[in-house]
Amino acid sequence: MIAKALTIAGSDSGGGAGVQADLKSFSAMGVYGASVVTAITAQNTQAVTAIHAVPDDIVAAQIKAVLDDIDIHAIKIGMLGTPSLIKAVVEALSNFSGSIVLDPVMVAQSGDKLLADSAIDALTTQLIPRATLLTPNLPEAESLVGAGTLAEQSARLFDLGAQAVLMKGGHADGATCVDALVTRDATHQLSAPRIQTGNTHGTGCSFSSAIAACLAQGLTLKASVVRSHHWLHQAIVQADTLEVGHGHGPVHHFHALWA
């Protein structure tokens, strides 16, 4: 029986991030993907030009429809723009007992804001405690708990109820990119050479959904992060071969299958 994962996220019309990237990541990792669309964005590799939020009750209905019929093993949550939507999603998942990977999407690669300031409190109080893994990049971590060292920020996120945190280092400087999987018991660092490319659209979405796919397959949290880290690095290495758009292009999700 193939493992099955669900993404709850916004739609990227350009195909590089959001639900589209999540489904590609699930498939690349050998997992069947289902989807719940929380917002429709008019988006390409250069900008987000419009956002239309899907009504809360329709998002909740999508979740119910999927969970009522399909045996979902893990869920990845991405773009949730408002406090009421966060509440609706939490309520819709009240009986779900599988793994949840939460990617706290706040700003698009283009710099466009995707999460209202009023929704940050709802995210921290209602959703973070439900997540198996929280995957903020450095700006997102600072927005959630303020500036500080890795240990200080992780401790504050644990105080909010996080079970485990993957601090993504893509926004840092230096020749090496370092991500850190932090649990209450240990910190495991994953390093890779920083690739000089402008085609990194959707890296956060893809990383978190790949981890969810691995968790759906029964891998441990650490094994899921390690496997997904290696896969994403290769997807970035091969990103320039796609030649998609005129801005920040996507990573190559299917680098192991076709070039």
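An account of the accompanying structure is given in this report. Please read all numbers here as calculations on a predicted model, not as lab measurements.

**Digging into helix α1 (residues 18-28)**
For α1, the full list of buried residues reads Gly18, Val19, Ala21, Asp22, Ser25 and Phe26. Projected down its long axis, α1 shows its buried positions confined to an angular sector of 160°, all on one face. The positive-phi residue at the C-terminal boundary of α1 is Gly30, with phi of around 85°.

**Observations regarding the pairing of strand β9 (residues 187-193)**
When strand β8 (residues 176-182) meets β9, the two strands line up antiparallel, connected through 7 bridges. Each residue of the ladder has a partner; that of Leu181, found in β9, is His188. Between β8 and β9, which pair antiparallel in sequence order, lie 4 residues.

**Points about the nonpolar core**
Among the nonpolar cores identified, the biggest contains 38 residues, and Ile8, Ile75, Ile77, Val89 and Leu93 are the most heavily contacted of them. When sequence neighbours within four positions are dropped, the list of residues in contact with Ile77 reads Ile8, Val89, Leu93, Ile100, Val101, Leu102, Asp103 and Leu127. Counting residues in hydrophobic clusters, the runner-up holds 27 residues, among them Ala164, Phe207, Leu215 and Ala235.

**Details of the pairing of strand β4 (residues 74-77)**
Neither face of β4 is exposed, since Ala74 and Lys76 on one face and Ile75 and Ile77 on the opposite face are all buried. The sheet contact formed by strand β1 (residues 4-12) and β4 spans 4 bridges and is parallel. Considered in β4, the bridge of Ile8 is made with Ile77. In this structure, β4 lies alongside strand β5 (residues 99-102), joined through 4 bridges in parallel fashion. Across the sheet, residue Ile75 finds its bridge partner in β5, namely Ile100. With respect to chirality, the unit in which β4 leads through helix α3 (residues 83-92) into the neighbouring parallel β5 is right-handed.

Procedures and definitions
- Sequence order sets the numbering: in each chain, residues are counted from 1 along the sequence as written.
- Local features are withheld for residues below a pLDDT of 70 in this predicted model, meaning they are given only at 70 or higher, and side-chain atom pairs are given and counted only at 80 or more; totals for whole chains, interfaces and linings count all residues.
- Only hydrogens and water are removed before side-chain values are computed, so all heavy atoms of the structure are retained for them.
- Accessible area is worked out with a 1.4 Å probe on protein chains only. A residue is then buried under 20% of its type maximum, exposed over 50%, and partly exposed in between.
- Helix and strand definitions follow DSSP, with helices as H or I runs of at least four residues and strands as E runs of at least two, each counted in order from the N terminus.
- When we speak of the arc, we mean the arc of directions from the helix axis to the C-beta atoms.
- DSSP calls a pair of strands paired once it identifies at least 2 bridges connecting them.
- Here, nonpolar core means buried Ala, Val, Leu, Ile, Met, Phe, Trp, Tyr and Cys residues that are tied together by side-chain atoms lying within 4.5 Å of each other.
- Note on definitions: a residue-residue contact is assigned when non-hydrogen atoms from the two residues lie within 4.5 Å.
- Orienting the strands away from the viewer, one traces the path from the first strand over the helix to the second; a clockwise path indicates a right-handed crossover.

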